Amino acid sequence: MNPATIEETTAKLTPKQIEIQQRESRILDKAFPMLRSGGVAAISMNAIAKEMGCTRGTIYNHFANKEEILLALATRAVRRRIALFQCAMESQTMPRDQCAAVGIAVEVYADYMPDEFAIEQIIRHDVVWQKTSAGRRDVLSDCEQLCIASLGRLVQSAISAGDLKPARGQTASELSQQLVFGLWSLTYGGLVLEATSPSLIAAGIEDARLTIRRNGNLLLDGVGWQPLFNARRYNAWAKRLRPTLIENAKTIRQLPCTSEKDFSHAPESAS
C-alpha cells in the first residue's frame, strides 16, 4: 500500500475533521491492547480515558459505548484485510493465481494479524452487535462487501479471459455466487474453525491448512477454472508467495489509520 494515498485523502479534510479522526484513531489504539490482554471485559470508557489522559466525556463524544469501539476496531481490521488481499491480487497476473493468492493472504491475515482476525469474530455475538448503531454496522458491511466484490471481479476476469466458462444453463452471475461463497466459506470459515475448534485432531483433521487448500483447488477444478491444479507447481508457488505477503501484512499494520477512513483507497493502491 502506498502511504501517499492516505496523505492525499487526509489533505482533503478540514483541520477539525483531521483532529476528530486522529483522536478516534488514538482511542482505538488504546483499546486494542486492552482487548488483546484482557478480552472484551478489559475495555471500558474509564480505562481508555485514563490511558488517553482525558475525561470520559471525551471518549463518549466519539463512541456511544464500548461496543461501538469494538465495531470500529473490527472495521479497521477488515480494511487491513482488504489491503492485504489487494497486495495478493496485484502480485499475480492470471485470475486463478490471483484467486489462490487471496487464499494464502487469508492464512497470513490469521497468522500475522491475529488480533484483527479475532475481533472480527467477537463482534458477531449478539451481546456486542445489538448494542451498536446502524451507521457503524453499515460501515462494516460496506467493507465486507468490498472483499466479496473483489473475489467476484476475479471470477469475471477469468470468464472474460476464457479461463472459466459457466456450465450449460448457468449464468455468469450464478457461477460467481457459487465460487465466491464457496471459496469464502472454505477458506475463512475453515480458519475460524482451526482457531476455535478443539476437536479437529480428534476428528482426524491433522492439517487444516492443507485440507483447506486442497478443497479450494478441488472446487476450482470442478468448474473447470484453468489452469487446473498441479500440486508441484502450486506448492512451490505458495512457498514463494507467503513470505512476500507476510512482509505486506507487517507493513499494513504499521501504516497510520483512522477509525472510519483506514485504507479507504486500498483497492487502488495496495502494493
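This text gives an overview of the structure that appears in the document. (Residues numbered from 1 in each chain as written. Predicted model: local features only at pLDDT ≥ 70, side-chain atom pairs only at ≥ 80, totals over all residues. Heavy atoms only, no water.)

Let us now look at the overall build of the protein. When you go through the protein residue by residue, the secondary structure sums to 13 helices and 0 strands. Listing the helices and strands of the protein from first to last along the sequence gives α-α-α-α-α-α-α-α-α-α-α-α-α. Here the C-alpha radius of gyration of the protein, 20 Å, is about what a compact globule of 271 residues would show, namely 18 Å. The dimensions of the protein, computed from C-alpha atoms along their principal axes, are 60 × 50 × 35 Å. Counting all 271 residues of the protein, 44% fall into the buried class. Taking contacts inside the protein between residues at least 6 apart in sequence as the whole, the part at least 24 apart equals 76%. Looking at the protein as shown, the accessible area adds up to about 13,600 Å², and 53% of this sits on carbon and sulfur atoms. In the protein, which carries 32 positive and 29 negative side-chain charges, the distance between the mean positions of the two groups comes to 2 Å. (Helix = DSSP H or I, 4+ residues; strand = E, 2+ residues; numbered from the N terminus. Rg over C-alpha atoms; globule rule 2.2 N^0.38 Å. Buried < 20%, exposed > 50% of the residue type's maximum accessible area, 1.4 Å probe, protein only. Contact = heavy atoms within 4.5 Å. Areas by Shrake-Rupley, 256 points an atom, 1.4 Å probe, with all protein chains shown as cover. Lys, Arg positive; Asp, Glu negative; His and termini not counted. Charge placed at Lys NZ, Arg CZ, Asp CG, Glu CD.)

Moving on to the environment of Leu-241. Here Leu-241 is to be found in helix α12 (residues 231-254). Through-space distance from the C-alpha of Leu-241 to that of Ala-88 is 8.5 Å; in sequence the pair is 153 residues apart.

Helix length check: helix α2 (residues 15-38), at 24 residues, gives a terminal C-alpha distance of 35 Å against a target of 34 Å (1.5 Å per residue), a fit within 8%. Within α2, the full set of buried residues consists of Gln-21, Arg-23, Glu-24, Ser-25, Ile-27, Leu-28, Ala-31, Phe-32, Met-34 and Leu-35. Positive phi shows up at Gly-39, right after α2, with a value of about 80°. (Expected span 1.5 Å × (residues − 1).)

Moving on to the environment of Leu-186. By the element assignment, Leu-186 lies in helix α10 (residues 172-196). Residue Leu-186 is classed as partly exposed on the basis of its relative accessible area of 25%. C-alpha of Leu-186 to C-alpha of Ile-212: the two residues are 26 residues apart in sequence and 6.4 Å apart in space. Not counting chain neighbours up to four residues away, the residues in contact with Leu-186 comprise Ile-212, Asn-215, Gly-216 and Leu-219.

The next point concerns the side chain of Asp-97. Assignment of secondary structure puts Asp-97 in helix α6 (residues 95-112). Since its relative accessible area comes to 9%, Asp-97 is described here as buried. Side chain to side chain, Asp-97 and Arg-233 meet in a polar contact 2.9 Å long. Among residues more than four places away in sequence, those in contact with Asp-97 are Gln-92, Arg-233 and Trp-237. (Polar contact = N/O pair within 3.5 Å; in protein donor to acceptor, adjacent residues only side chain to side chain.)

With the rule as written, the count across this model stands at 16 salt bridges. Arg-242 serves as the salt-bridge partner of Asp-111, at 2.7 Å between the closest nitrogen and oxygen. Of the two residues, Asp-111 is situated in helix α6 and Arg-242 in helix α12; the sequence distance between them amounts to 131 residues. Judged by relative accessible area, Arg-242 falls into the partly exposed class, the value being 21%. Two residues, Arg-124 and Glu-144, come together in a salt bridge whose shortest N-O distance is 2.1 Å. (Salt bridge = Lys/Arg side-chain N within 4 Å of Asp/Glu carboxyl O.)

Next up on the list: the packing of aromatic side chains. This model, assessed by the stated rule, comprises 6 aromatic pairs. Judged by centre distance (4.8 Å) and plane angle (5°), the rings of Trp-184 and Tyr-188 are stacked. In this pair, Trp-184 and Tyr-188 both sit in helix α10, 4 residues apart, roughly one turn of the helix. Assessed through its relative accessible area of 9%, Tyr-188 is described here as buried. Through successive ring pairs, a cluster of aromatic residues spans Phe-85, Tyr-109, Phe-117, Trp-184 and Tyr-188. Between Arg-36 and the ring centre of Phe-32, over which it is positioned, the NZ or CZ distance is 5.3 Å. Arg-81 extends its terminal NZ or CZ atom over the ring of Tyr-109, reaching a point 5.8 Å from the ring centre. (Phe/Tyr/Trp six-rings, centres within 6.5 Å; stacked < 30°, edge-to-face > 60°. Lys NZ or Arg CZ within 6 Å of the ring centre and 35° of its normal.)

Before going further, it helps to spend a moment on the packing of helix α9 (residues 134-161) against α10. Two numbers describe how α9 lies on α10: the axes approach to 9 Å, and their chain directions differ by 130°. What the angle tells us is that α9 and α10 run oblique. Regarding α9 and α10, the two cross each other, and that crossing is right-handed. Counting all contacts with α9, which are made through Ile-148, Leu-151, Gly-152, Val-155, Gln-156 and Ile-159, the residues of α10 involved are Ala-172, Leu-175, Ser-176, Leu-179, Val-180 and Trp-184. Tallied by class, residues from the contact of α9 with α10 come to 9 nonpolar, 3 polar and no charged. (Axes fitted to C-alpha atoms, helices over the stretch in contact; angles between N-to-C directions. Parallel < 35°, antiparallel > 145°, perpendicular 65-115°, else oblique. Left-handed = near helix turned anticlockwise from the far one by under 90°. Nonpolar A, V, L, I, M, F, W, Y, C, P; charged D, E, K, R; others polar.)

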